[in-house]
Each structure stands twice: as C-alpha cells, then as structure tokens.
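Listed below are the residues making up each chain.
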Amino acid sequence: MSHDEEANEHTHLLDPRVAELRNRKQSALSREEATSIISSHVSKEEQELAGTAVGERLPYNDYTTIDWLHDLIKDSFRHRAIKSRTSLKGKFLASWDSCQGWVAASMIGILTAIVAFCVDVAEATISDYKAGYCSSNVLRSRETCCTERSPLNPQEGVGEDCADWMMWSEKYWTGFGIYVGFALLFGIIAGAVTMTTKANLPAARQDDDSQESSEPLGKSMYMAAGSGIPEIKTILSGFVIPHFLDFKVLLVKAVGATFAVSTGMCLGKEGPFVHISTCVGYLVASLFPKYRRNGRQMREMLSVACSSGLSVAFGAPIGGVLFSYEEISTYFPRKVLWRAFVCSLFAAIVLKALNPTGTGKLVLFETNYGIDYDPIHYLVFVFLGVSGGLFGGVFCQANFLWSKTFRKYSVIKNHPVFELSLVVLVTALLQFPNPLTREAGDVIIKNLLVDCRHPEGSWVCEQEAMVDKSRYYLWLAYGTAVKLILTIVTFGCKVPSGIIIPALDAGALFGRLVGQIIPTSSPGLFAMVGAAGFLAGVSRMTVSLAVIMFELTGEVDYIPPFMIAIMVAKLTADALSSEGVYDLAQTVLGHPFLDPEHALSIVRDKGLLVEELIPPPQTMREITLDVGPEYQVSKTILATKLSQLKARGLMDAGLVLVDSSGMLHGYLAQGELDFAINEAGVLVDNEPVDLLDGVISTFVDRTPLVICAKAPLEYAVELFGKLGLRHLIVIEEGSSRVVGVIIKKRLVVFLEGLVH
C-alpha cells in the first residue's frame, strides 16, 4: 500500500470494528512507508503487468497522484478530533499541533543553512585546487588563505603577493595541464556519485494495441542529476516520483554539486540548493505525523522548504520566498507564505552567523557605484533586456534540441560520465585561456561587477584603464559566446547543476562589454542589469528575480533598471519560445505537470468539450461496477476488477459504482480496494460484500465530483487545477448517466497532445 493510497482515505465516522481495521492499515502503512513522500509501493506483479495493460494505455503510469481534496477532508477530521479535547493535556496537544508548522519551518531553515555552509566552503576550497594550494592549511581556499586577495594576472599567475598561496606551476602550459587534469578528476567524481542514485521506475507500454509485444518498458532516472527543480514542480503539483527526497539523494546532491561546480563547468549550485532544501524539508516534516500521513500537508511544507534553498544560495531571503511562489509552487496559500518567510529568515540568520564567504555579509556581490543613471540609459537597459531575451530563447530551443539529438546516441545515453568528461574537457579548453572565465561562476560575476573607481588590484579595472582595450573587448565578447555554447551543452548532464549562475555570468560579460561605450556611467552597472536580463530570458522569472538581484547587490536605486531589463527579456524570450528552461526540462525528462494557467491558454481557443476525454469502451467496462439492487457484490468480482485495474498499470485509479441504469453511486479507489481484498479479516470469501452498510462501505466516496460531458473543457481544467483532484466523473447530459472518468494523467497527456 502506497503513501498516496493512504492519502486517498476517506474520513467518514467509523464504527469500532472499522476503526480497528483502519488502525491495522495505518500500522502496516507506517512500516511500509518509504523515506520519501512519494514512495509508492509497487509489487513485482504490478511491474510485470504494467507493460501488458489491457484497454487504455497512458504515459506517466509510473507516477501516482494524491487527491488534495480528500487530504483536506482527512486533515479537517483530525483537526476537529484534537480540538474537541477539553482536558489540560488535550489543550496542550492542540497548542502543539498549531505550532508544528512554525517549528518545522524553523528547523528546515537552520538545517538547510548548515548544509549550504558545508557545500560553499568545500566548493571554494576544492575549486581553487585547480590553480594551487594553501601551504599554511591545505583545507583553506585561496581567498581565506590570503589576508588580501592578490590581483589576477593571467600571464604570470595568481597570488604572487600572498606568501601562503602556492601555485602548482608558474609556467602557463604546465598550469593549464594541471587545471584540466583536476577539472576532469572533479567531473568524474561528481558523475560517479550521481550514478549511485539511478532508479528504475515501473512504466506501462506506450505502443500500439497489440498485447503480444516486447518486454515492458522501464524508465531510468538519476535522482541527484540536474537542478531538481522540474521534479520538485512535478511533486508539488500532486504527482509522485519515488524516493526523490531521500536522505541518500540529499547527501549525493551536496557532494555532487560541490565537485561539479569545482570543475569550472557552466553550471551553478543554486538549483541543487533548492533540491537540497526540499529534501531537508521532507525529512524534517516526516518527524511530524500530521505531515507524514497527509500528502497535501506535506506538499505545503515542501513549498515552504523551497524558499530556504534560494535564500542560502544567494543570501536573498525575500527573493527565496518569491521564487518558491512564482516559479515552483502551484498551491501557495497565505499560511504557506508566512511559514516560507520564517523558514527563509532562519536560513539567512544561520548562514550569516556561519559566514562561509568570510565577509560577514549576506550580500554576495555588494556594489556601491555611487553613480546615478540618466533617462537616456533606459534605452541601454531595454537593449540589454532584448539581448537577454534573445539569449534565453536561443538557449532554451538549442538545449532542447541538444537533449533530443546528441543525448539520444547510445554511447552518450548509456555512458553519462563519458559525456560529462567530454564537456569538462571542452569547457577547460575554451575557458582557461580567457582570464575572465577561468574562475568559478560566482567569482566571475563578482569580478565583473567591480567598481573601477576603487579597483583594489582588479584585473578588469587594469584592462579598462589601458589605452588599447581591443584585446579586453575580445575577451568579453568571446566569454559571452562561450558561455552560451557551453551552457547549452552542459545543462542536462548527469550531475547536480543549476542554470542561474551561468546565465548571470553571460549577462554580466555582455553588459560589461556594452558598458564600455557608455562613458558617463560605471560599466559595472550595465553588467548588473545585463545579468538580470539574461537570467530572465532563460528562466522567465519576473518579480522574484528583481528582488533577488536587489538582494544580491544591495543596490536599491537600480531596481527600475532591473525591472525594465527583466520585463523586456521575458517578452522577447516568450516570442521565441513560450516555455522557460524548467518547463522544457520537464518535457525532456518526461515528467507530468499540470499548470492550470498554461492549460487554460491551450484549450481556451479550441472550443473543446469534456467528452473529448471519455475513455474507450473497454476501459469503462473494466472500471465500472454494477452494485445491484441490494448494493452487494461478491469478493470474487471485486478481486477480478482489482486485477483489471492493476493490469492497466495506473496504480491510482479506481472503480466507479453504478446501478443497472448507469447512475452514479460512488467511487472506490484502487488502494482501498486492494487493502480490502488482500488484508486478512476484512472480507469473508463466501459472503457477499455490502457496499452500503458493510465494512468496505467506509472506503467508498459517496459524493465524487462530477462534470457534464457537454461542459467546456475549461471546467475540467479548472477543477483539476484549483481543487487538486485525482479523478472526475463524467455524466451524460440530460440523463446524468455515468459515461466516463477523467484522471489527472489522462488530462495532462491530452493537453500535451494539443501542443505538440
């Protein structure tokens, strides 16, 4: 029995005998529940049957779903039971129940900050090993090894003025070889640890109707690969991915991100931090029964946890909350907003106290240009926004094509570490010669935002002070082009990776280049605005990105330029590609996702009716059950129906109870039916099963939501999107006879078919 089947329990008042059975079921679930909220138990027989399903076959059969509405009802009964206690102990328990969300949010923020501190310090140290080591303490990075950071001189090496920092070699080509060698080593380590999280999910076949076909297809997935944001969006929308939030995945994500970023590839650790914080959120929330036993409540806490990921990645607590709301969550009520605020706050406080950067500040790229911008500069900000939109649109389409073509070759698909090694090698060969792109991604943008009124030994300022800047201009243009190309081929490799820092780097390089022709202002200002525009073009973030950029730099006066560049970049990118990088990643990875707003935009002009989603006749024969005049059926019939449901491979379907006239009498979920059939003592073999007053009647949903077959399809989209339904019964116009059932997976597949 899966966790999601538990989440679909109905909450009618139970008689003592039924309550005892429910308690037995709850105990079995507690033992069987995996360490992931989405751990759905699938038997060996179900896996074998998944590929030979009779009747209807759907994609996404390896994902189960939760029913938000039923989970809401279940929690309401639990809440009323707690509040009804009048004793002192009962009042204390009620108070503790009210505080659990705030306690969990605080714990998530604190633990996420601790993990982020470890990753930040380890990544900074390991990344610097490509150039040299600290003779006084090999566990220190170059920045912490030296009291003052030395100027970057690409010809003579780095760190001549720091006695403790030792370069591997003063010779260019020797240093280049060592740099490439360490980068390859770090890449292999990152890829190897990521491979340990490979999982094979059961999947139903998606070929023709012939049942005499090849063996069942399976879906392989590397849980710790990528940013994790597409999968988290899938989970928060109500779908299920087994074991994605396990402690093992958290550990591998942290270690893999450390070594992957240290390679110097065009990737960041910001996306992985969101995955890490969500894993922390699941593990902490699982300590509280109210979250562990309720899929809706758990997902609310996961939305809270997402905010702390961006908070610790950028030192942007408010931006983290807005990012969770705008980019990840599909359900974000006010209580989730406030708990996300608290979670992000605690994460920021603890990270500042731990001080991984050694500056004592949350702001990563603090700037203080002291130069205002003129009205004429708005045209430059618009130009940077258009350029960012073009960059984002080209990137999204090119990365999608790259994933669909190059990564389909067997040598690449079956050997992801080999692909990773190729990307690391190409990255090192292209980035090392350019002094602007040789460092880690966060150091690159920090160097590009420097204010040259106070250069402090900056190589960028030294170049801008020279009379002949042609070589410097070429490095800026070369860096922008290389970042675009390398980010296209890097994003999607089987290592923990994010897209935020590479996009910021490319935008800062281009913005700094544009700033060279604006003599009345600091080039760093345009680097900052360019970074915002390029990231907006890639991710399509808006409000959250403007706040993140403000928190990143501490420049409140430059919020209007940020907003202009972000707005223009999004509009330009949307004209080239309607989907951002995370939406396309969901498509490439094959994850189901129902975005109500996007779905409505798809069906609004089609004029479609709900009847388009009525299943085939054979499917309806298998999933309907005639209750008979006495509302009694045999256990044998129920067992036969259960086997037919399992053969379809959906794992979260159910039986529609109808009478001889086809009128609706309830819905019995597959999970409940499975428990009733296979749990000893629930049903007696040779006795008829009473669906009205018997034990199994408490498992029947007497009032499932229905919709007319002639209703506009927008109605169904709104019901699934706003209420979080798992299923919707379709009735005939006029007679109210049951003619079909829509499940969320069928709706998602249908909508995808309208787009492609």
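Everything numeric here is computed off the predicted structure, so don't read it as measured data.

Trainee: Explain the side chain of Ser308 to me, please; I cannot follow it from the model alone.
Mentor: Secondary-structure assignment places Ser308 in helix H12 (residues 295-314). When its relative accessible area of 0% is taken as the criterion, Ser308 is described as buried. When sequence neighbours within four positions are dropped, the list of residues in contact with Ser308 reads Ile108, Gly109, Thr112, Ser277, Cys343, Ser344 and Ala347.

Trainee: Would you explain the sheet that holds strand S14 (residues 727-731) in this entry?
Mentor: To summarise the sheet geometry, strands pair through backbone hydrogen bonds and adopt either a parallel or an antiparallel arrangement. The sheet built from three strands is open, its strands ordered S13-S14-S15 with mixed pairing. Each edge of the open sheet is held by one strand with a lone partner, namely strand S13 (706-708) and strand S15 (738-743). With direction set aside, neighbouring strand axes in the sheet form an average angle of 30°. Of the pairings in the sheet, the one linking S13 to S14 comprises three bridges and is parallel in character. Pairing of Val706 across the sheet is with Ile729, part of S14. Packing of helix H30 (residues 713-723) onto the sheet brings it into contact with S13, S14 and S15, and relative to S14 it is tilted by some 150°.

Trainee: How should helix H8 (residues 229-236) be read in this particular structure?
Mentor: For an α-helix, 3.6 residues make a turn, and residues three or four places apart therefore share a direction. Among the eight residues that make up H8, eight are buried, leaving the element largely enclosed by the rest of the structure. For H8, the set of buried residues is Ile229, Pro230, Glu231, Ile232, Lys233, Thr234, Ile235 and Leu236.

Trainee: Whenever I open this one, the sheet that holds strand S9 (residues 654-658) confuses me. Can you help?
Mentor: Overall, mixed pairing links the four strands, which are arranged S7-S9-S10-S12 in an open sheet. Only two strands of the sheet have a single partner each, and these edge strands are strand S7 (624-626) and strand S12 (700-701). Where helix H29 (residues 670-678) meets the sheet, it contacts S9 and strand S10 (664-669), and its direction lies at approximately 75° from that of S10.

Trainee: How should the UniProt feature "transmembrane region" (unreviewed entry) in the chain be read in this particular structure?
Mentor: Cross-referencing UniProt, the feature "transmembrane region" (unreviewed entry) maps to residues 101-122, 176-195, 272-289, 301-324, 375-396, 472-492 and 524-550 in the present numbering. Helix and strand shares over residues 375-396 are 91% and 0% respectively, and the end C-alpha atoms of the span are 32 Å apart. Regarding residues 472-492, the helix share stands at 90% and the strand share at 0%, and the terminal C-alpha atoms are separated by 31 Å.

Trainee: Teacher, can you tell me more about the environment of Phe239 here?
Mentor: The residue Phe239 is located in the loop between H8 and helix H9 (247-262) in this model. Taking relative accessible area as the criterion, Phe239 reaches 0% and is therefore assigned buried. Through-space distance from the C-alpha of Phe239 to that of His591 is 8.9 Å; in sequence the pair is 352 residues apart.

Trainee: Can you walk me through the nonpolar core in this structure?
Mentor: Note on soluble globular proteins: their nonpolar side chains tend to be buried together. Core analysis: the largest hydrophobic core is formed by 143 residues, its most contacted members being Phe314, Leu436, Leu504 and Met549. By residue number, the principal contributor to this core is helix H22 (residues 523-539), which donates 11 residues. Leu436 has contacts with Ile444, Leu448, Trp459, Val460, Tyr472, Trp475, Leu476 and Leu509, leaving out every residue within four places of it along the chain.

Trainee: Help me understand the pairing of S15, please; the structure alone is not making it clear to me.
Mentor: For a regular strand, the rule is simple: side chains alternate between the two faces of the sheet. The buried fraction of S15 is high, at six of six residues. Direction of pairing for S14 relative to S15: antiparallel, over a ladder of five bridges. The residue bridging Leu728 from the neighbouring strand is Ile742, located in S15. Joining the antiparallel neighbours S14 and S15 is a turn of six residues, in which Gly734 adopts a positive phi near 95°.

Trainee: Can you walk me through the packing of helix H4 (residues 68-83) against helix H5 (residues 88-128) in this structure?
Mentor: How two helices sit against one another is set out by the angle between their axes and by the gap between those axes. It is at 8 Å that the axes of H4 and H5 come closest, and there the two elements cross at 140°. Listed contacts from H5 to Arg78, His79, Ile82 and Lys83 of H4 are Gly90, Leu93, Ala94, Asp97 and Ser98.

Trainee: Looking at this structure, how should I read the pairing of S10?
Mentor: Pairing of S9 with S10, which is carried by five bridges, proceeds in the antiparallel orientation. Of the residues in S10, the one forming a bridge with Val658 is Leu664. Two successive antiparallel strands, S9 and S10, enclose a turn made up of five residues, where Gly662 displays a positive phi of approximately 80°. Two strands pair when backbone bridges link them, and S10 and S12 are joined in this way by two bridges, in the antiparallel orientation. In the strand pairing of S12, Tyr667 is matched with Asp701.

What counts, and at which threshold
- Residues numbered from 1 in each chain as written.
- Predicted model: local features only at pLDDT ≥ 70, side-chain atom pairs only at ≥ 80, totals over all residues.
- Heavy atoms only, no water.
- Helix = DSSP H or I, 4+ residues; strand = E, 2+ residues; numbered from the N terminus.
- Buried < 20%, exposed > 50% of the residue type's maximum accessible area, 1.4 Å probe, protein only.
- Contact = heavy atoms within 4.5 Å.
- Pairing = 2+ DSSP bridges.
- Axes fitted to C-alpha atoms, helices over the stretch in contact; angles between N-to-C directions.
- UniProt positions renumbered as here; feature names shortened; annotations may be inferred.
- Core = buried A, V, L, I, M, F, W, Y, C linked by side-chain atoms within 4.5 Å.

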